[in-house]
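Descriptive analysis of the structure
Each chain, written out:
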Amino acid sequence: MNTGFSVRHKAVRKGSARSPGRLPAVVIGAGPYGLATAAWLSAAGTPRRVFGEPMECWYANMPAGMYLKSVPAASSISAPESGYRLEDFRTARGRGPVGDRYPIPVEEMVDYGRWFQERRLPELEREKVRSVGHVDGLFAVTLDSGEEFLAEKVVMATGQVPFAHEPPELTGALPGELVSHTSRHRDLSLFSGQRVAVLGAGQSALESAALLHEAGALPTVIARAESVAFGTPPDTDRPCDRPRAVRIAKPGSPLGPGWSLLACSRGGGAVRRLPQGVRLRLLHDVLGPSGGWWLRQRVDDRVPVLCGCTVRSVGAEDGTVRLEVEVEGTGAGARTKALRADHLLLATGYRVDIDRLGLLAPELRRETRTFHGAPRLSAGFESSVPGLYFTGLAAAPTFGPVLRFVAGTGFAARRLARSVAAGTRTRP
Ligand SMILES: Cc1cc2nc3c(=O)[nH]c(=O)nc-3n(C[C@H](O)[C@H](O)[C@H](O)COP(=O)(O)OP(=O)(O)OC[C@H]3O[C@@H](n4cnc5c(N)ncnc54)[C@H](O)[C@@H]3O)c2cc1C
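Since this is a predicted model, take the numbers as computed values, not measurements.

1. What to know about the pairing of strand S6 (residues 153-156)
- Neither face of S6 is exposed, since Lys153 and Val155 on one face and Val154 and Met156 on the opposite face are all buried.
- Pairing between strand S1 (residues 25-28) and S6: 4 bridges, direction parallel. Considered in S6, the bridge of Val26 is made with Val154.

2. Some words on the packing of aromatic side chains
- One pass over the full model with this rule turns up 10 aromatic pairs.
- A ring pair is formed by Phe89 and Tyr112, whose centres lie 5.8 Å apart and whose planes are at 50°; its orientation type is tilted. Here the residue Phe89 occupies a position in helix H3 (residues 86-92), and Tyr112 occupies one in helix H4 (residues 106-120), the gap between them amounting to 23 residues.
- On the basis of relative accessibility, which here comes to 0%, the residue Phe89 falls in the buried class.
- Residue Tyr112 is classed as buried on the basis of its relative accessible area, which comes to 0%.
- Feature note: the residues Tyr84, Phe89, Tyr112, Trp115 and Phe116 constitute an aromatic cluster, connected by ring pairs.

3. Some details on the state of the cysteines
- One pass over the structure, following the stated rule, counts 0 disulfides.
- Between Cys309, a free cysteine, and Cys307, which holds the nearest cysteine sulfur, the sulfur-to-sulfur gap is 7.3 Å.
- Taking relative accessible area as the criterion, Cys309 reaches 5% and is therefore assigned buried.

4. Considerations on unusual backbone geometry
- Residue Met55 is not a glycine yet carries a positive backbone phi of 60°.
- Note on placement: Met55 falls in the loop between strand S2 (48-51) and helix H2 (56-60).
- For Met55, a relative accessible area of 0% translates into the label buried.
- Here the phi dihedral of Asp318 falls at roughly 50°; this positive angle occurs in a residue that is not glycine.
- Relative to the assigned elements, Asp318 resides in the loop between strand S11 (310-317) and strand S12 (320-328).

5. Let's talk about the site of the ligand
- Close to the ligand lie 31 residues, the nearest being Glu56, Lys69, Ser70, Arg404 and Val406.
- At 3.1 Å from an oxygen atom of the ligand is found a side-chain nitrogen or oxygen belonging to Trp58.
- Note that an oxygen atom of the ligand is positioned 2.8 Å from one of the backbone N or O atoms of Lys69.
- With the chains in place, 89% of the 990 Å² that the ligand exposes on its own is no longer accessible.
- Counted by class, the shell around the ligand contains 16 nonpolar, 9 polar and 6 charged residues.

6. Observations regarding the domain arrangement of the protein
- For the protein, the domain assignment lists domain 1 (9-163 + 350-422) and domain 2 (168-230 + 290-345).
- If you average the C-alpha positions of domain 1 and of domain 2, the two centres end up 32 Å apart.
- With 16 residues of domain 1 at the interface, the matching set in domain 2 holds 15 residues.
- Where Arg186 meets Glu107, a salt bridge forms, and the shortest distance between an N and an O atom there is 3.9 Å.
- Taken together, the connections running from domain 1 to domain 2 amount to 6 residue pairs in polar contact (both at pLDDT 80 or more).
- No other element matches the 3 residues that H2 contributes to the side of domain 1 that touches domain 2.

7. A short note on the pattern of salt bridges
- A complete count under the given rule lists 23 salt bridges for this structure.
- Put simply, Arg95 and Glu108 hold a salt bridge, and the shortest N to O gap is 3.9 Å. With a gap of 13 residues between them, Arg95 in the loop between H3 and H4 and Glu108 in helix H4 connect regions that are remote in the sequence.
- Residue class for Arg95 comes out partly exposed when judged on its relative accessible area of 31%.
- For the salt bridge of Arg130 with Asp144, the shortest nitrogen-to-oxygen distance reads 3.6 Å. You can see Arg130 sitting in strand S3 (residues 129-135) and its partner Asp144 sitting in the loop between strand S4 (138-143) and strand S5 (148-151), a full 14 residues away along the chain.
- Take Arg130: its relative accessible area is 45%, and that puts it in the partly exposed class.
- Residue Asp144 is classed as partly exposed on the basis of its relative accessible area of 44%.

Thresholds applied
Residues numbered from 1 in each chain as written. Predicted model: local features only at pLDDT ≥ 70, side-chain atom pairs only at ≥ 80, totals over all residues. Heavy atoms only, no water. Buried < 20%, exposed > 50% of the residue type's maximum accessible area, 1.4 Å probe, protein only. Helix = DSSP H or I, 4+ residues; strand = E, 2+ residues; numbered from the N terminus. Pairing = 2+ DSSP bridges. Phe/Tyr/Trp six-rings, centres within 6.5 Å; stacked < 30°, edge-to-face > 60°. Disulfide = S-S within 2.5 Å. Near = heavy atom within 4 Å. Polar contact = N/O pair within 3.5 Å; in protein donor to acceptor, adjacent residues only side chain to side chain. Areas by Shrake-Rupley, 256 points an atom, 1.4 Å probe, with all protein chains shown as cover. Nonpolar A, V, L, I, M, F, W, Y, C, P; charged D, E, K, R; others polar. Domains from an automatic or database assignment. Contact = heavy atoms within 4.5 Å. Salt bridge = Lys/Arg side-chain N within 4 Å of Asp/Glu carboxyl O.

Given below as structure tokens:
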């Protein structure tokens, strides 16, 4: 890559103030995965620099008023020492313990993540990384401030936002102000009084629709699925209070009760050894689209939900969105329905594609071996570019669905930190 970086080599800081002489490992991103990785790297004594705004995605790319679908016991950011769980944060704030029937407000999760960062990673540098290039086997890191330095290893903990899936046939047919992905919204009340067509059938679609309705908007959910599903409320607050027979038939796990979910939560390493097709199917099928149990009463009889509907075409007309929706049958015999909305909200999820990570220099993206857009990773989360690591959602196609959730931070950060510290160069 010709960034001019190598010719300015002498001006580039080698190492960091924290570890003079040694090149640092750089962690990009300060969401749950970046914070956990940095905590485990520090325990391993690895010199590091960590960049990002703590929990930025949780306050900038999720709607205010949202609740987490994961239970408190599955929502802690991993640290090698005790004292950093969500429960510890609540105790430190003088709040009582909570169990599985407590939906966590997103605002509480943001406060918890910031508390974790202040106590465990005060060295976090609240800056954006502008680019990462490759120079003589090292990484040339440039910050938004203009600072440039070399790193031996880079951990991409940049989360899901770059992977927001916006079907091009929908976004291409509408001007930008009439269509947006859910990840672009913090404040859904800006749609108050407007008709909003919400596309999708998962938690994001259903919760956005509930929040829109409560903010005085007129949402309609359009789902391809034949019906939308909601979870069932936990019978007890603590899994250990469930009858023994129930615990044996459906053991508790961070992803929910059941043997298959327990296997996915505990067996990330084993998932990696499964054939690629099986892994991708697991990622798609395990915990498929559904709303949290506490969401049903906010959607049923309040928000129109059109199931079994596929959007056939969209277009702009008089400053509004015109949708043609297939409601029955397919192809020429399909029955269609026309809908009008003031905005089309895409709750269409996320698809890993490292070509979307613009901060990685094009040659680094080219050198990174992929499958279906996702990086091929070693057991230690290292890509085919030695020293370049991926964690969080980008690693989910390799290690399975637990990497989609905060519950996966322990598994990922422990392995990754061990691999970085050992400098292992196993083949992905
Ligand atoms: C609507 C919604 C609801 C969810 N609910 C739950 C839930 O209930 N439970 C659960 O476990 N999971 C939930 N998830 C998934 C959860 O968001 C992820 O598991 C978690 O955020 C992953 O952590 P992360 O650190 O990989 O990514 P993120 O939290 O996205 O953090 C990545 C960080 O990287 C930063 N970054 C990106 N580029 C740069 C750069 N160039 N320089 C510096 N920093 C950068 C971003 O600002 C961001 O803060 C939800 C996701 C969504 C979208």
